[in-house]
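# Results of the structural survey
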Amino acid sequence: MEELSHWIDGREVKGTSGRFSDVYNPATGEVIAKVPLATAAELDAAIQSAARAQVTWAATNPQRRARVMMKFGQLINDNMDALAEVVSREHGKTLPDAKGDVQRGLEVIEVCMGAPAMLKGEFTDNGGPGIDLYSMRQPLGVVAGITPFNFPAMIPLWKMGPALVSGNAMILKPSERVPSTSILLAKLAQEAGLPDGVLQVVNGDKEIVDAILDHEVIQAVGFVGSTPIAQYIYGRAATNGKRAQCFGGAKNHMIIMPDADLDKAADALIGAGYGAAGERCMAISVAVPVGEATADALIERLVPKIEKLKVGPYTAGDDVDFGPVITKASQERINRLIASGVDQGAELVVDGRDLKIQGYENGFFCGPSLFDRVTPEMEIYKEEIFGPVLTQVRTQSYDEALKLVMDNDYGNGTAIYTADGDTARDFASRVNVGMVGINFPIPVPLSYYSFGGWKKSAFGDLNQYGPDAFRFYTKTKTVTARWFSGIKDGAALNFKALD
């Protein structure tokens, strides 16, 4: 069995802790590798190395750092198939979906190629008699990224791209369930010209996360995962004086108005609800039709589409719409939540439990499930299921539907399908959710905007990628300068304006 490594100082390094975590192929249920879980001492060695490398990297001018990003992007594109294969093998998602995972990360790297423009400061000439004022954006130093299992390429790239091009060194702690993609990306970054030590990949579990949060050299932490852990990391990082950018769970709703194109809305719900087996923080998991007629017509369109979905291993190619969930525990949790929905009175229209695929009987597969007549008190509504389960909550008016979305604890993404521009504008203006789609199901912004939710979906003031990322990974220094050229001025004991 393969024993994986950390990536330290530009090379693969075996773990020394003696502790390992199993890495599974979710399609077969087999253990395919063991990943080492680092100790605090191993982490400290990586951090000290990163701190030394960061000094020279920060002194490299932004344009040269951007050229490394340009080459890195080219290498990611050239190695798209290899990266997708690694993603699919450890995560289980289909190859087209895995390529989309890589592509959305690559788009952030492409924005990082223009980083010199994002890192410019400001300048005021002659702000006072012979006085100039200017600001500089400078890197923080050593920062950390803690990334989840559901996007093994995209989210590490979201973290490392802006952090590195801004002149920081990064300690990346990927999910121990999908560690190999981060190592491959680190190798490509080295090939692109990133100096050894500037990017370190340290594998681990909660022990190493706590060590990251407590280490005095780490200046900032970016995290994506569940809400309880996001809140924990944000609180502990802030207590230790670190910047923190922590993104948690979601319960994303799509409102379907009576005037909507129901065929397009149904297609959108199929892709947004069941793609990647529902393991997306931007998945639509709640359909909210307005009016009984709309709800009945939507169910009528959804059922045949759901029944045609094909579930299987990524190796089946184009014959598969989505693959397994990440672990046996996830599969069991999803089935338990489906059972709770039945017990609590929801109507299970399509039951995806107990799916067995010939030759893959031990895989972690869940078939697509659909609930109707769900109410906000039910566990399947309150919990983030993170699986291929779509629930329908019927409402009688636009205001009732809007209130449902706004009263939910989460605020990552939402959407509305309607033919009425006034309704769409009102929804976009009033809804208390960070990312909004209008006749668009998964409103993940393009990479030159910023990604981020509201309420219990996000902790911290700045979002991921786009302009916010460069603000997060840099600090502003403002200089007030005066050059004496015959100006006579006596000592001033009062705090006076420059002019």
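Criteria and thresholds
- Residues numbered from 1 in each chain as written.
- Predicted model: local features only at pLDDT ≥ 70, side-chain atom pairs only at ≥ 80, totals over all residues.
- Heavy atoms only, no water.
- Core = buried A, V, L, I, M, F, W, Y, C linked by side-chain atoms within 4.5 Å.
- Buried < 20%, exposed > 50% of the residue type's maximum accessible area, 1.4 Å probe, protein only.
- Helix = DSSP H or I, 4+ residues; strand = E, 2+ residues; numbered from the N terminus.
- Domains from an automatic or database assignment.
- Contact = heavy atoms within 4.5 Å.
- Axes fitted to C-alpha atoms, helices over the stretch in contact; angles between N-to-C directions.
- Parallel < 35°, antiparallel > 145°, perpendicular 65-115°, else oblique.
- Nonpolar A, V, L, I, M, F, W, Y, C, P; charged D, E, K, R; others polar.
- 1 Å grid on protein atoms, 1.4 Å probe; cavity = no way out; pocket = protein on both sides within 12 Å on 5 of 7 lines; lining within 4 Å.
- Points joined across faces, edges and corners; volume = space filled by probe spheres on them.
- Pairing = 2+ DSSP bridges.
- Buried area = accessible area lost by both parts, 1.4 Å probe.
- Salt bridge = Lys/Arg side-chain N within 4 Å of Asp/Glu carboxyl O.
- Polar contact = N/O pair within 3.5 Å; in protein donor to acceptor, adjacent residues only side chain to side chain.

## Points about the nonpolar core
F72, I76, M160, M170, I171 and L199 are the most contacted members of the largest nonpolar core, which totals 82 residues. The element best represented in this core is helix α6 (residues 154-165), accounting for 8 residues. Counting the residues that make up this core, at least three belong to each of domain 1 (2-248 + 457-481) and domain 2 (252-438). Ignoring anything within four residues of it in the chain, the contact list for M160 reads F72, M170, L172, L185 and L199. The next biggest cluster of nonpolar side chains, apart from the first, holds 60 residues, and it includes A265, L298, L370 and I380.

## Some remarks on the packing of helix α4 (residues 95-112) against α6
Across the interface, α4 lies against α6 with an axial gap of 8 Å and an inter-helix angle of 10°. Taken together, the axes of α4 and α6 lie roughly parallel to each other. Judged by residue contacts, D101, V102, R104, G105, L106, V108, I109 and C112 of α4 engage M154, L157, W158, G161, P162 and V165 from α6. Classifying every residue of the contact of α4 with α6 gives 10 nonpolar, 2 polar and 2 charged.

## Section: empty space enclosed by the protein
One pass over the structure, following the stated rule, counts 3 cavities of 30 Å³ or more. What lines the largest cavity is a set of 16 residues, and nearest its centre among them are G278, A283, S285, E384 and F386. For the lining of the largest cavity, the residue count by class is 7 nonpolar, 5 polar and 4 charged. Its boundaries defined by the atoms lining it, the second largest cavity holds a volume of some 50 Å³. Among the elements that take part in the lining of the second largest cavity, helix α7 (residues 180-191) stands out by supplying 3 residues, more than any other. Residue composition of the lining of the second largest cavity, grouped by class: 7 nonpolar, 3 polar and 1 charged.

## Overview of the sheet that holds strand β5 (residues 30-36)
The 3 strands are arranged β1-β5-β4 in an open sheet whose pairing can be described as mixed. Unpaired on one side and paired on the other, β1 (2-3) and β4 (20-25) mark the two borders of the sheet. With 2 bridges connecting them, β1 and β5 associate as parallel partners. Within β5, the position partnered with E2 by the bridge is A33. Each of β4 and β5 is contacted by helix α3 (residues 80-91), which is oriented at about 100° to β4, the strand it contacts most.

## Observations regarding the domain arrangement of the protein chain
Under the domain assignment used here, the protein chain contains domain 1 (2-248 + 457-481) and domain 2 (252-438). The straight-line distance from the C-alpha centre of domain 1 to that of domain 2 is 31 Å. On the side of domain 2, 24 residues touch domain 1, which itself brings 23 residues to the contact. A combined buried area of about 1,900 Å² lies between domain 1 and domain 2, and 63% of that area is made up of carbon and sulfur atoms. Between domain 1 and domain 2 we count 1 salt bridge in total. Linking R280 and D97 is a salt bridge whose minimum nitrogen-to-oxygen distance equals 3.3 Å. The interface formed by domain 1 and domain 2 holds 7 residue pairs in polar contact (both at pLDDT 80 or more) in total. Among the elements of the structure, α3 and α4 are those that each provide at least two residues to the side of domain 1 that touches domain 2. Top element by residues in the side of domain 1 that touches domain 2 is α3. It accounts for 5 residues. Of the residues in the side of domain 1 that touches domain 2, the class split is 8 nonpolar, 9 polar and 6 charged.

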